[in-house]
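The lines below spell out each chain.
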Amino acid sequence: MEDEMRRQKYRILRKKLYGIKEEIEELNKTWEEVISSMKKSLLIDDKIVEESNMETVNKTNHLILNDLSTKVIPMVSRNC
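Parameters at a glance
- Residues numbered from 1 in each chain as written.
- Predicted model: local features only at pLDDT ≥ 70, side-chain atom pairs only at ≥ 80, totals over all residues.
- Heavy atoms only, no water.
- Helix = DSSP H or I, 4+ residues; strand = E, 2+ residues; numbered from the N terminus.
- Rg over C-alpha atoms; globule rule 2.2 N^0.38 Å.
- Contact = heavy atoms within 4.5 Å.
- Areas by Shrake-Rupley, 256 points an atom, 1.4 Å probe, with all protein chains shown as cover.
- Lys, Arg positive; Asp, Glu negative; His and termini not counted.
- Charge placed at Lys NZ, Arg CZ, Asp CG, Glu CD.
- pLDDT = per-residue confidence, 0-100.
- Patch = residues over 30% accessible without salt bridge, like charges linked within 9 Å, V, L, I, M, F, W, Y side chains within 5 Å.
- Salt bridge = Lys/Arg side-chain N within 4 Å of Asp/Glu carboxyl O.
- Buried < 20%, exposed > 50% of the residue type's maximum accessible area, 1.4 Å probe, protein only.
- Core = buried A, V, L, I, M, F, W, Y, C linked by side-chain atoms within 4.5 Å.

1. A closer look at the overall build of the protein
Thinking step 1. When you go through the protein residue by residue, the secondary structure sums to 2 helices and 2 strands.
Thinking step 2. What you see in the protein, going N to C, is helices and strands ordered as α-β-β-α.
Thinking step 3. Scaling as 2.2 N^0.38, a compact globule of 80 residues should have a C-alpha radius of gyration of about 12 Å, whereas the protein reaches 18 Å, well beyond that.
Thinking step 4. Summarising the internal contacts of the protein: among those between residues at least 6 apart in sequence, 74% fall at separations of at least 24.
Thinking step 5. As displayed, the protein has an accessible area near 6300 Å², and 55% of this comes from carbon and sulfur atoms.
Thinking step 6. Of the charged side chains in the protein, 15 are positive and 15 negative; the average position of the first set lies 9 Å away from that of the second.

2. Comments concerning the confidence of the model for the protein
Note: predicted coordinates in regions of low pLDDT should not be interpreted at a detailed level.
Thinking step 1. Taken as a whole, the protein shows an average pLDDT of 89; of its residues, 100% reach a score of 70 or greater.
Thinking step 2. Per-element averaging of pLDDT across the protein places strand β1 (residues 43–44) at the bottom with 72 and helix α2 (residues 51–78) at the top with 92.

3. Digging into a nonpolar patch on the surface
Thinking step 1. Residues Leu 42, Ile 44 and Val 49 make up a contiguous nonpolar surface patch of roughly 250 Å² in combined accessible area.
Thinking step 2. Its relative accessible area of 43% is what places Leu 42 among the partly exposed residues.

4. Points about the side chain of Asn 61
Thinking step 1. Mapping Asn 61 onto the fold places it in helix α2.
Thinking step 2. The residues touching Asn 61, leaving out its near neighbours within four places in the chain, are Ile 24, Leu 27 and Asn 28.

5. Concerning the nonpolar core
Note that soluble globular proteins tend to have their nonpolar side chains buried in a common cluster.
Thinking step 1. By size, the foremost hydrophobic cluster in this structure holds 6 residues: Leu 17, Ile 24, Leu 65, Leu 68, Ile 73 and Val 76.
Thinking step 2. Residue assignment for this core shows that the elements contributing at least two residues are α1 (2–41) and α2.
Thinking step 3. Counting residues per element, this core draws most heavily on α2, at 4 residues.
Thinking step 4. Not counting chain neighbours up to four residues away, the residues in contact with Ile 24 comprise Asn 61, Ile 64, Leu 65 and Leu 68.

6. What about the pattern of salt bridges?
Thinking step 1. Per the counting criterion, the structure on display carries 6 salt bridges.
Thinking step 2. We note a salt bridge from Lys 71 to Asp 67, for which the minimum N-O separation is 3.5 Å. One end of the pair is Lys 71 and the other is Asp 67, both in helix α2 and 4 residues apart, which spans about a single turn.
Thinking step 3. You can call Lys 71 exposed: its relative accessible area is 52%.

Dropping the structure here:
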């Protein structure tokens with residue numbers, strides 16, 4: 001009985017993690033649109049304003065997405 005409850009909790013967690021993964025993927029798409037718009041309208045000295053900060057955000061999003069996909073979700077899935 002406890003085992004089944006634990007597995008059910010892991011299944012719920014996995015579902016939520018997939019939701020987070022989808023949201024991060026959507027954020028990455030939005031980020032690409034923002035960068036494209038900024039390149040068209042907000043260039044100063046041929047650079048995007050706060051380009052290094054924007055790139056840091058993008059790299060962080062991709063690292064999170066990678067960790068979710070390759071580490072966290074598989075680990076949770078093994079316990080379902």
